[in-house]
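Below are the chains, spelled out letter by letter.
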Amino acid sequence: MNQCSDISNQIALWLDGELQGEEKRVFELHLQDCKSCSALVSNESRFLDTLHTAKQAHVAPEQLRNRVRAILDEVPAEVSAPTHLRKRLTDSLLLTRDSQRSRKLRISLAIAAVVAIAIAMGLWLGRIQTEQPGRYLPSSFALMAADTHRRYLDHHLPLEITSASPEEISTWFNGKVPFSVKLPKYQEASGQVKLYQLEGARLVGFKEDYAAYVAYRMGQRPISLVMTSNSVAQPAGGEEIMSRGLTFHFDSIYGFKVITWTDRGLTYALVSDLEERGQQSCGVCHQGVKDHDLIDRLKPTSAGPSSPSRDPRPTF
Amino acid sequence: MSSPSCAQPFSQAALEHLDALYGYAMTLTRDQTEAEDLVQETYLRAVRAFGQLMPDSNLKGWLFVIMRNAWLNQLRHNRSGPRFVGFDDATETVEHLVGKQADDPHVVYLRKLECHEVRQAIDSLPTHYREIIVLRDIEGFSYQQIASMLGCPAGTVMSRLGRAREKLKRILTSWRTPNVANAMSATR
């Protein structure tokens, strides 16, 4: 069942969320070891993302919207509960509220205890998972970021704005993505020797919306930064490192170093081919002296888990 | 995919699906006036049938089924109108579509181009392919939900979707390179 020919027939089912149980488990196990099937999944996923862009093609004309509103205004009144019934229900609920309050408090404390235990268990299990190489795939956002980086390097993803100005690129994203993009301008303001170059930006499709893509270059080595709202993407999988209260996820995808994390409502992915975990790519936003410790903390230790022989991620 | 609740009355919840329904109507009719009429008819029917909607049912799916039934009803009453075509009845070839695409003016904005291009490619598919792509890839219904809407087994949904996507890939592949190149030259 784990032959590539069988698996390739299931790619669409898996991407559509229609693969369940044992079939899904076998499929995902196969993906971890098979580069060619992973490439097929990536291609198919990209194609489906492209189709999602067509969602915005049809917007109902305003006059139709008004006509529909008028129709919906005619929804029979009896579908809403009569006012006097609402009042009777409210009154009866108020009468019982006081007697229920102390019981509710006891229940809430019990629930809080259960939740705390569940979180502790989750953290403990999460720790075990990161220590068991190869069990978990990178997040879809990390995969998309790595794929976007690769397509950019292959000249298949042209920039929509070419500029070295953080302000200009930040302004360009206004109204194009459903979140605010403010690229740091530390390097420009500090007058220091520039370690990296901002090249430009474009939109990339992710889920049913656009994510922001920014291209940098450090010497001859390109660095991609992808941003989206954390409501549509959450970092997951990979090796987890805590620094400054943030959890960074490190993956190796398509041979690139991918770092993903969430901060203040946005989820970020940095992709590069820089050394170690690629933590130097963080320098595109954190170049100040005070940020050195942030980057240093992300360095692998000599016997750290990111040494090539222990890289837990399947290479896609 | 929400169902109306106490916090969100039916009229408000139903209005949220207007753009999706309009897109589906355009998929079925390929005509703006007909699509607007179909949307209006769908909401009229929905309001009349509101009492039949179960509390936890999928409002969006329910509205889509109403629209599809309304459309099929119109087809039955208008034999000269457009019809669903069989799997092998597609009259437009890829080459023909490429020719049509080449007449388009340069599109300055690359994302708009992509959206426009994809939508145009979808619109060029035979109705049964177009419909299943819209239901699954644009509106995100599950195979089982689509099977219920179309009144066919889930296996048919799967195979039809596979064929529709393959055809769409061929069309987009034949368009993609020259258009992206055009857009690039226009943006620089």
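Rules of the game
Residues numbered from 1 in each chain as written. Chains lettered and ligands numbered in written order. Predicted model: local features only at pLDDT ≥ 70, side-chain atom pairs only at ≥ 80, totals over all residues. Helix = DSSP H or I, 4+ residues; strand = E, 2+ residues; numbered from the N terminus. Buried ≥ 20, exposed ≤ 12 C-beta atoms within 10 Å, placed from the backbone. Contact = placed C-beta atoms within 7 Å. Core = buried A, V, L, I, M, F, W, Y, C linked by C-beta atoms within 7 Å. Pairing = 2+ DSSP bridges. Axes fitted to C-alpha atoms, helices over the stretch in contact; angles between N-to-C directions. Nonpolar A, V, L, I, M, F, W, Y, C, P; charged D, E, K, R; others polar. pLDDT = per-residue confidence, 0-100. Arc of directions from axis to C-beta. Parallel < 35°, antiparallel > 145°, perpendicular 65-115°, else oblique.

K.L.:
How would you sum up the overall build of chain A? Please name residues and give values.
P.N.:
Secondary structure assignment for chain A yields ten helices and eight strands. By residue count, 30% of the 316 residues in chain A fall in the buried class. Here the contacts in chain A between residues at least 6 apart in sequence split such that 59% fall between residues at least 24 apart.

K.L.:
Provide a residue-level description of the overall build of chain B, including the pertinent values.
P.N.:
Scanning chain B for helices and strands turns up nine helices and zero strands. From first element to last, N terminus to C terminus, chain B shows the α and β order α-α-α-α-α-α-α-α-α. Here chain B holds 188 residues, and the buried ones make up 37% of them.

K.L.:
Which residues make up the nonpolar core, and what are the values?
P.N.:
The biggest cluster of nonpolar side chains holds 51 residues, and the ones touching the most others in it are L21(B), Y22(B), A25(B), V39(B), M67(B) and I133(B). Of all hydrophobic cores here, the second largest spans 40 residues; its members include Y216(A), M227(A), L270(A) and V271(A).

K.L.:
How would you summarise the sheet that holds strand β5 (residues 239-243) of chain A if you had to cite specific residues and measurements?
P.N.:
All names here are of chain A. Judged by pairing direction, the sheet is antiparallel, and its eight strands sit side by side in the order β1-β2-β3-β4-β8-β7-β6-β5 without closing on themselves. Bordering the open sheet on either side are β1 (161-162) and β5, each of which pairs with just one other strand. Direction of pairing for strand β3 (residues 209-218) relative to strand β4 (residues 221-229): antiparallel, over a ladder of seven bridges. Paired with A212 across the two strands is M227, which belongs to β4. In this fold helix α8 (residues 166-173) packs onto β1, β2 (197-206) and β3, with an angle of close to 15 degrees to the strand it touches most, β2.

K.L.:
Which residues make up the pairing of strand β6 (residues 246-253) of chain A, and what are the values?
P.N.:
All names here are of chain A. For β6, the buried fraction is high: six of the eight residues fall into the buried class. Taken together, the five bridges between β5 and β6 define a ladder with antiparallel strand orientation. Pairing of I241 across the sheet is with F248, part of β6. Across five bridges, β6 lies against strand β7 (residues 256-263) in antiparallel orientation. In the sheet register, I253 faces β7, and the bridge partner there is F256. Connecting β6 to the antiparallel partner β7 that follows it, the hairpin turn spans two residues, and Y254 within it adopts a positive phi of roughly 55 degrees.

K.L.:
Which residues make up the interface of chain B and chain A, and what are the values?
P.N.:
Listed per partner, the contact involves 33 residues of chain B and 30 residues of chain A. If you list the elements that add at least two residues to the side of chain B that touches chain A, you get α1 (10-15), α2 (18-29), α3 (32-48), α6 (110-123), α7 (127-138) and α9 (154-187) of chain B. Class assignment of the residues belonging to the side of chain B that touches chain A gives a composition of 19 nonpolar, six polar and eight charged.

K.L.:
I'd love a proper account of the confidence of the model for chain A, names of residues and values included.
P.N.:
All names here are of chain A. With 62% of its residues at a pLDDT of 70 or more, chain A has an overall mean of 72. The low-confidence segment residues 92-99, where pLDDT is below 50, has zero contacts with residues more than four positions distant or belonging to other chains. Within the model, the stretch residues 117-135 combines pLDDT values under 50 with nine contacts to residues more than four positions away or in other chains.

K.L.:
I'd like a rundown of α7(B), residues and numbers included.
P.N.:
Residue and element names in this part refer to chain B. Most of α7 sits inside the fold, with ten of its twelve residues counted as buried. Every buried residue belonging to α7 is among Y129, R130, E131, I132, I133, V134, L135, R136, D137 and I138, and all of these are buried. Taken from the residues just after α7, G140 is the one with a positive phi, measuring 75 degrees.

K.L.:
Could you give an account of helix α8 (residues 143-150) of chain B, with specific residues and numbers?
P.N.:
Residues and elements named next belong to chain B. Listed in full, the buried residues belonging to α8 are Y143, Q145, I146 and M149. Projected down its long axis, α8 carries its buried residues within an arc of 160 degrees, all on one side. Backbone geometry just downstream of α8 places G151 in the positive-phi region, at approximately 70 degrees.

K.L.:
Residue-level account of the packing of helix α4 (residues 35-52) of chain A against α7(B), with values.
P.N.:
Running from amino to carboxyl end, α4(A) crosses α7(B) at an angle of 100 degrees, the nearest separation of the two axes being 9 Å. Taken as axis vectors, α4(A) and α7(B) run roughly perpendicular relative to one another. Every residue of α7(B) that contacts α4(A) at L48(A), L51(A) and H52(A) is listed here: I133(B), D137(B) and I138(B). Its residues assigned to classes, the contact of α4(A) with α7(B) shows four nonpolar, one polar and one charged.

K.L.:
Which residues make up the environment of C34(A), and what values go with them?
P.N.:
When you line up the elements, C34(A) lands in the loop between α3 (21-33) and α4. Counting along the chain gives 31 residues from C34(A) to Q3(A), while the straight-line C-alpha distance between them is 9.9 Å.

K.L.:
Lay out the confidence of the model for chain B with the relevant residues and their values.
P.N.:
Residue and element names in this part refer to chain B. This prediction gives chain B a mean pLDDT of 74; 68% of its residues lie at or above 70. Per-element mean pLDDT across chain B ranges from 35 in helix α5 (residues 94-102) up to 92 in α7. The model gives residues 1-7 a pLDDT under 50, and that stretch makes 13 contacts with residues more than four places away or in other chains. Contacts of residues 80-109 to residues separated by more than four positions or lying in other chains number 28 contacts, the stretch itself having pLDDT below 50.

K.L.:
Go over the environment of L159(A), please, and point to the residues and values.
P.N.:
With respect to the helices and strands, L159(A) occurs in the loop between α7 (140-153) and β1. For the pair L159(A) and G200(A), spaced 41 residues apart in sequence, the C-alpha separation works out to 6.1 Å.

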